[in-house]
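The lines below spell out each chain.
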Amino acid sequence: MRVIQFGDDRKIRALFWMIVAFCLLVTSVYAGDLAEIRRRGLLRHLGIPYANFVRNSAKGLDGLDVELMQLFAAHLGVEYQWVETSWSEVFGDLTGQNVQPANDNGVAVISENATAIRGDIIANGLTILDWRKQVVQFSNPTFPTGVWLIARADSPIKPIEPSGDIETDIQLVKSLLAGRSVLTMEGTCLDPSLYGLASTGAEIRLYTASENLNEIAPAVINGAAEATLLDVPDALVALQAWPGDIKIIGPVSSKQFMGAAVAKSSPELLAAFNRFFEDLRSSGTYDELVKKYYPTVYLYLGDFFQSGKGGQ
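Residues numbered from 1 in each chain as written. Predicted model: local features only at pLDDT ≥ 70, side-chain atom pairs only at ≥ 80, totals over all residues. Heavy atoms only, no water.

(A) Structural context of the packing of aromatic side chains. Evaluated as defined, the whole model comprises 16 aromatic pairs. Taken together, a centroid distance of 4.9 Å and an interplanar angle of 40° make the contact between tyrosine 298 and phenylalanine 305 tilted. (Phe/Tyr/Trp six-rings, centres within 6.5 Å; stacked < 30°, edge-to-face > 60°.)

(B) Structural detail: the pattern of salt bridges. Within this structure, the stated rule accounts for 13 salt bridges. Notably, a salt bridge pairs glutamate 36 with arginine 39, separated by 2.8 Å at the nearest N-O pair. One end of the pair is glutamate 36 and the other is arginine 39, both in helix α2 (residues 34-40) and three residues apart, which spans about a single turn. (Salt bridge = Lys/Arg side-chain N within 4 Å of Asp/Glu carboxyl O. Helix = DSSP H or I, 4+ residues; strand = E, 2+ residues; numbered from the N terminus.)

(C) Quick look at the layout of surface pockets. What the largest pocket holds in volume is close to 390 Å³. Lining the largest pocket are 19 residues, and of these Trp148, Ile166, Pro251, Tyr300 and Leu301 lie nearest its centre. Elements that contribute at least two residues to the lining of the largest pocket include exactly β10 (147-152), α6 (166-174), β14 (246-251) and α11 (297-306). Considering every element that reaches the lining of the largest pocket, the biggest residue donor is β14, with four residues. Taken together, the residues that form the lining of the largest pocket break down as eleven nonpolar, five polar and three charged. (1 Å grid on protein atoms, 1.4 Å probe; cavity = no way out; pocket = protein on both sides within 12 Å on 5 of 7 lines; lining within 4 Å. Points joined across faces, edges and corners; volume = space filled by probe spheres on them. Nonpolar A, V, L, I, M, F, W, Y, C, P; charged D, E, K, R; others polar.)

(D) Up close: empty space enclosed by the protein. With the rule as written, the count across this model stands at one cavity of 30 Å³ or more. By volume, the largest cavity is sized at about 60 Å³. Residue lining of the largest cavity: 15 residues in total, with Asp65, Gly125, Thr142, Gly259 and Ala260 positioned closest to the centre. No other element matches the four residues that helix α3 (residues 64-76) contributes to the lining of the largest cavity. Partitioning the lining of the largest cavity into residue classes produces eleven nonpolar, three polar and one charged.

(E) How the structure looks around α3. Between its first and last C-alpha, α3 extends 19 Å over 13 residues, near the 18 Å set by a 1.5 Å rise per residue. Every buried residue of α3 is listed here: Leu64, Asp65, Val66, Glu67, Leu68, Met69, Phe72, Ala73 and Leu76. In the stretch just after α3, glycine 77 is the one whose phi turns positive, near 80°. (Expected span 1.5 Å × (residues − 1). Buried < 20%, exposed > 50% of the residue type's maximum accessible area, 1.4 Å probe, protein only.)

(F) Structural detail: the sheet that holds β10. Read across the sheet, five strands follow the order β12-β11-β13-β10-β14 without closing on themselves; strand pairing throughout is mixed. A single partner strand is all that each edge strand has here, and the edge strands are β12 (203-206) and β14. Strand-to-strand twist of the sheet, defined as the mean angle between neighbouring strand axes without regard to direction, takes the value 35°. Where helix α8 (residues 232-241) meets the sheet, its contacts fall on β10, β13 (227-231) and β14, and the angle it forms with β13 comes to roughly 115°. (Pairing = 2+ DSSP bridges. Axes fitted to C-alpha atoms, helices over the stretch in contact; angles between N-to-C directions. Contact = heavy atoms within 4.5 Å.)

(G) Seen up close, helix α10 (residues 285-293). Along α10, the residues classified as buried are Tyr286, Leu289, Val290 and Tyr293. Looking straight down α10, one finds that the buried residues subtend no more than 100° of arc, so they occupy a single side. Against the buried residues of α10 lie β2 (55-57), β3 (60-62), α3, β9 (143-145), α9 (267-283) and α11. (Arc of directions from axis to C-beta.)

Following this line, the structure appears as C-alpha cells:
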C-alpha cells in the first residue's frame, strides 16, 4: 500500500475538489425529482405573475396555478414555496441551463453556461410549444388556450365572421393586418415568429418595457399599437378589466394547451403530477378552481372541461 507523503497535498486537494465538483454536478442534474423533493420537504413552484394563473396582489399570492401547486404540495406531503422568475430566466431556473427561444429553424438555443437551479416545477399558464418541449417535459394539458388578435375598440379593424373552420378563420384575420401595427413580445407565446406575422405586411412592434405580459393589453389601449396578440386566458382577463376598450378580431393560432413543466431529469415528479391532476379533475375540484379564476372560459373553450382527458 502506498503511503501518501506530505508533498502530495496538492494532489489530495485536487482530488477533493474533483469530488466536490462531481457531487455538485450530480445534485444539479437530479435536483427537483420526486425523491429529492420529499427528502427536502419542499416543493419549489417557479411562477411568473400572469393573468389569473399567478397573481401577487395586495391581498397576497393567489391564482389558478398557485392553488393547483399548493394542492399538489399537500398531496406530496411537503411544504409549498413560490419562487418568482421571469420569461427569460424561467427555463434556466428549472434546468440549470440558460435557454433562448427557438431560432429561425425552430430549435431552442441552450447556452453552455450553467446557472443555479431555483425550482422544481413551472406553472403559470405556460403554453406547450414545440421549442419548449426540446428543453423541458410538459404535463398533460391543464388549460386550453390559443392566440387571438385583439384591437382597440376604436380600431377600424372589424371582427371576422367565424367560418366554422379554424384555419380559414386564421387566414381571414391575417388578411386584415397589412399596414396595421401589432404589439407582440419575443420569447413568449405571443412571439410573432410563431404565427408568421412577418408575411402579413403588419407593422410588428415589440414590447420591451418589461417582460410582464399583463402590460400588453393596457399598452395597446394607451396607444402603443392598434392591435396585439393575446392568448385566450389573458384576453378574457383583459375583457373583464377594460370592458368597452378592446375587441376580439379572431384567432391567429389553432387550439393550443397549457401545462406544468418539469426538468427532463424529473420523470417521477411528472408522473406524480399527472396522476394527481387526473384525480383532481375527476373529483370536480379542478373545475371549481377554474370557475373561480376563469368563469367565462366555458363560453369559449368549454369542450376541454367537458372531456375527462383534457380535450384530447
